[in-house]
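Listed below, chain by chain, are the residues.
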Amino acid sequence: MRDRSVPRIDVVVVGGGISGLAAAWALLRDGGPALRVTVLEAATSIGGKLALTEVGGRTVDAGAESMLARRPEGLALAEAVGLGDQIEHPTVEGAAVWTRGVLRGMPRGLVMGIPTDLRALAASQVLSWRGLLRIPLDHVWRPTPVDGDIAIGALVATRIGREVVDRLVEPLLGGVYAGHADEISLDAALPQLAGAIRVERSLLTAAARQVAGQTGAGPLFATLRGGLAGLPVAVAARLRADGVEIRTASTVRELSRTPDGGWQVVVGESRSALQLRADAVVLAVPAAPAARLLAGVLPSAALDLAAIEYASVAIVTAVLPATGNGALAGTGFLVPPLEGLTVKAATFSSSKWGWVRAQDPERAVVRMSIGRHREEGDLQRSDEELASVALSDLAKVTGFERPPVDAVVNRWGGALPQYAVGHIDRIDRIRGAVEAAPGLAVCGAAYDGVGVPACIASAERAAGHLLRRLGERRQWGHG
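K.L.:
Teacher, can you tell me more about the sheet that holds strand S15 (residues 274-278) here?
P.N.:
Backbone-to-backbone hydrogen bonds join strands into a sheet, with any given pair of strands oriented parallel or antiparallel. Taken in spatial order, the three strands of this open sheet run S13-S14-S15, and their pairing is antiparallel. In this open sheet, the two strands that pair with only one neighbour each are strand S13 (252-257) and S15. Each strand of the sheet is rotated relative to its neighbour by a mean of 20 degrees, with strand direction disregarded. The pairing of strand S14 (residues 263-267) with S15 spans five bridges and is classified as antiparallel. Bridge pairing in S15 links tryptophan 263 to alanine 278.

Listed below in structure tokens is the structure:
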């Protein structure tokens with residue numbers, strides 16, 4: 001039982017996606033028994049972009065379906081909430097890229113499309129001979145000065161040629177950010193490589209250093225049996241069991257300071273608005289709603305947040321009538337923008353994940369991704385049209401033309417923040433302003449990475465900052 005002589009500390013977490021739930025988890029874990037945490041989520045369910053969908057009589061992930069296994073945060077959280085025995089790694093390897101009219105195996109040793117094994121690259125035939133011959137010149141070019149942040153595409157094109165950008169870097173970056181290589185920040189998206197290229201003369205050498213550091217690191221990706229969407233559900237269940245209140249359908253409309261140095265959080269429509277007082281607030285929402293909430297209290301941070309652009313995407317998930325067709329072997333494929341297809345990537349889920357295949361070994365599940373930054377025109381189509389176009393592209397790439405058993409479209413508006421050149425400086429300004437305000441922190445995909453582990457790390461950073469600031473103001477018991 002909590003010592004009632006210890007003042008209670010109220011913390012409100014705005015946002016019930018994985019970032020907000022992970023922030024609440026870190027606060028509860030490290031904040032002691034006097035901390036009371038409330039999570040407010042605008043949607044009718046928690047989880048954000050980690051959600052399930054039903055298609056063809058089975059349940060699969062509708063949003064993110066895997067997380068990096070070589071970052072510890074995602075797997076650690078899954079273990080902590082009792083999902084350790086549900087962790088799965090891909091059952092097969094072998095992604096491909098649709099390039100120059102043929103589906104070709106992705107060569108090994110790539111760092112976001114930058115090659116480190118030129119023999120493997122040549123054997124893959126992903127590039128033309130002219131493109132291949134251009135690459136080794138990187139070793140004799142003068143060093144490229146990288147004094148400040150630059151676009152990944154600009155650096156790669158300068159050092160090893162435009163064809164590497166168009167046929168390798170673009171599809172891989174498109175899969176992660178739904179963005180464009182000539183706009184995405186080197187420092188933000190590839191920080192290790194950015195550091196190495198400022199020391200090494202050669203981009204190939206810098207990339208090889210990064211690959212060498214990953215030797216023996218184990219599987220690259222992981223998911224959970226039953227779907228990655230089970231992670232926020234399990235975290236929320238544990239939070240509720242430990243006394244955290246999680247309110248869905250609770251849109252935060254306003255954030256303001258109180259005379260005593262705390263915060264007032266206004267929830268819901270004006271006629272029935274609920275006012276909550278908090279000692280501290282975590283904003284675990286995308287940049288645009290965070291900007292709106294901060295406009296009246298931290299206008300400079302709000303302006304920087306509002307400048308972060310987002311890409312919208314759609315996922316077409318289809319159940320196909322057989323898995324025996326060799327065209328659907330491997331984990332899937334990527335499509336460079338210059339190939340002119342609507343689908344930018346496809347995952348052969350029933351080949352990649354054992355738990356998906358186990359639901360029905362006689363049928364195949366394929367996820368197809370559509371949508372890039374500022375290219376949302378394709379998403380204006382109806383669900384039926386999107387599914388038809390996606391399946392047509394799948395048939396062109398793989399030759400698999402049998403009609404689907406079922407297909408479903410899940411749309412994610414404003415799903416992926418764009419890490420434009422200068423992103424790290426912008427985030428530093430935002431955090432500098434936010435963390436100077438007592439009892440306030442931000443976290444989520446807009447800041448330090450778009451994957452699940454990166455979002456969890458962002459949440460843990462926000463929670464740690466708040467606990468340090470609160471500790472400067474008050475003392476409470478730890479149990």
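K.L.:
Sorry, what's going on with the confidence of the model for the chain here?
P.N.:
As a note on interpretation, predicted positions should not be read in detail where pLDDT is low. Residues of the chain with pLDDT of at least 70 account for 95%, and the chain-wide mean is 93. In the model, residues 475-479 has pLDDT below 50 throughout and makes 19 contacts with residues more than four positions away in sequence or in other chains.

K.L.:
Quick question: what am I supposed to make of the sheet that holds strand S22 (residues 440-442) here?
P.N.:
The strand order S12-S2-S1-S16-S22 describes an open sheet built from five strands, whose pairing is parallel. Every other strand in the sheet has two partners, leaving strand S12 (245-247) and S22 as the edge strands with one partner each. The average undirected angle you get between the axes of adjacent strands in this sheet is 15 degrees. Where strand S16 (residues 280-283) meets S22, three bridges bridge the pair, whose relative direction is parallel.

K.L.:
Is there a simple way to think about the pattern of salt bridges in this case?
P.N.:
Here the idea is simple: oppositely charged side chains can pair when their charged atoms come close. Summed over the entire model, instances satisfying the criterion amount to 27 salt bridges. A salt bridge links aspartate 187 to arginine 198; its shortest N-O distance comes to 2.9 Å. In this pair, aspartate 187 is assigned in helix H7 (residues 186-189) and arginine 198 in the loop between helix H8 (191-197) and helix H9 (203-212), connecting sequence segments 11 residues apart. The exposure class of aspartate 187 is buried, given its relative accessible area of 17%. Look at arginine 198 and you get partly exposed, because its relative accessible area is 37%.

K.L.:
Is there a simple way to think about the environment of glycine 230 in this case?
P.N.:
Structurally, the position occupied by glycine 230 is in helix H10 (residues 230-241). Residue glycine 230 is classed as partly exposed on the basis of its relative accessible area, which comes to 28%. Remark: the alpha-carbon pair of glycine 230 and proline 171, spanning 59 residues in sequence, is separated by 28 Å. Residue contacts for glycine 230: discarding those within four places in its chain leaves Leu83 and Leu224.

K.L.:
How should the pairing of strand S8 (residues 102-105) be read in this particular structure?
P.N.:
One face of the sheet, then the other: side chains in a regular strand alternate in exactly this way. Where strand S7 (residues 95-99) lies against S8, four bridges are found, and the strand directions are antiparallel. The residue of S8 that forms the bridge with threonine 99 is valine 102. A loop of two residues connects S7 with S8, the two strands running antiparallel in sequence, and arginine 100 in this loop sits at a positive phi of about 50 degrees.

K.L.:
I keep staring at the packing of aromatic side chains and nothing clicks. Help me out?
P.N.:
To describe a pair of aromatic rings, one takes the distance between the centres and the angle between the planes. Considering all chains together, one arrives at two aromatic pairs under this definition. With a centroid separation of 5.4 Å and an interplanar angle of 50 degrees, the aromatic rings of tyrosine 177 and tyrosine 419 are classed as tilted. Remark: tyrosine 419 occurs in the loop between strand S21 (406-417) and helix H16 (423-436) and tyrosine 177 occurs in helix H6 (residues 162-177); sequence separation between them is 242 residues. Neither residue differs from the other here; tyrosine 177 and tyrosine 419 are each classed as buried. Ring centres 6.0 Å apart and planes at 65 degrees place the aromatic pair phenylalanine 333 and phenylalanine 348 in the edge-to-face group. Within this pair, whereas phenylalanine 333 is found in strand S18 (residues 332-334), its partner phenylalanine 348 is found in strand S19 (residues 343-348), the two being separated by 15 residues in sequence. Judged by its relative accessible area of 2%, phenylalanine 348 falls in the buried class. Just above the ring of tryptophan 263 sits the side chain of arginine 257; from NZ or CZ to the centre is 4.5 Å.

K.L.:
Explanation requested: the nonpolar core in the structure shown.
P.N.:
If you look at soluble globular proteins, the nonpolar side chains tend to sit buried side by side. Ranked by internal contacts, the top residues of the largest apolar core, which has 48 residues, are Leu27, Leu77 and Leu231. Secondary structure elements with two or more residues in this core: strand S1 (9-14), helix H1 (18-31), strand S2 (35-40), helix H2 (72-80), strand S11 (221-224), H10, S16 and helix H18 (452-473). No other element matches the nine residues that H18 contributes to this core. Leucine 27 has contacts with Val11, Val13, Leu35, Val37, Val282, Ala463 and Leu467, leaving out every residue within four places of it along the chain. Counting residues in each nonpolar core, the second largest holds 38 residues, with Val156, Leu173, Leu193 and Leu334 among its members.

K.L.:
I'm lost on the packing of helix H5 (residues 152-160) against H6 in this one. Help?
P.N.:
For the pair H5 and H6, interaxial distance at closest approach is 8 Å and the crossing angle is 150 degrees. Like other packed secondary-structure pairs, H5 and H6 cross with a definite hand, here right-handed. For the pair H5 and H6, the contacting residues are Ile152, Gly153, Val156, Ala157 and Ile160 in the first and Arg162, Val164, Val165, Val169 and Leu173 in the second. Taken together, the residues that form the contact of H5 with H6 break down as eight nonpolar, one polar and one charged.

K.L.:
Help me out: how do you make sense of unusual backbone geometry in this one?
P.N.:
Phi is mostly negative for residues that are not glycine, and the peptide bonds are mostly trans. Phi is positive for glutamine 125, which is not a glycine, with a value near 60 degrees. Positionally, glutamine 125 belongs in the loop between helix H3 (118-124) and helix H4 (129-134). Classification of glutamine 125 as partly exposed rests on a relative accessible area of 45%. Positive phi values are uncommon outside glycine, yet arginine 374 reaches one of about 60 degrees. Take arginine 374: it is sitting in the loop between strand S20 (364-370) and helix H15 (383-398).

K.L.:
I'm lost on the side chain of threonine 342 in this one. Help?
P.N.:
Relative to the helices and strands, threonine 342 resides in the loop between S18 and S19. Ignoring any residue separated from it by four or fewer positions in sequence, one finds threonine 342 in contact with Ser369, Ile370, Asp378, Arg381, Val389 and Asp393.

About the cut-offs
Residues numbered from 1 in each chain as written. Predicted model: local features only at pLDDT ≥ 70, side-chain atom pairs only at ≥ 80, totals over all residues. Heavy atoms only, no water. Pairing = 2+ DSSP bridges. Helix = DSSP H or I, 4+ residues; strand = E, 2+ residues; numbered from the N terminus. Axes fitted to C-alpha atoms, helices over the stretch in contact; angles between N-to-C directions. pLDDT = per-residue confidence, 0-100. Contact = heavy atoms within 4.5 Å. Salt bridge = Lys/Arg side-chain N within 4 Å of Asp/Glu carboxyl O. Buried < 20%, exposed > 50% of the residue type's maximum accessible area, 1.4 Å probe, protein only. Phe/Tyr/Trp six-rings, centres within 6.5 Å; stacked < 30°, edge-to-face > 60°. Lys NZ or Arg CZ within 6 Å of the ring centre and 35° of its normal. Core = buried A, V, L, I, M, F, W, Y, C linked by side-chain atoms within 4.5 Å. Left-handed = near helix turned anticlockwise from the far one by under 90°. Nonpolar A, V, L, I, M, F, W, Y, C, P; charged D, E, K, R; others polar.

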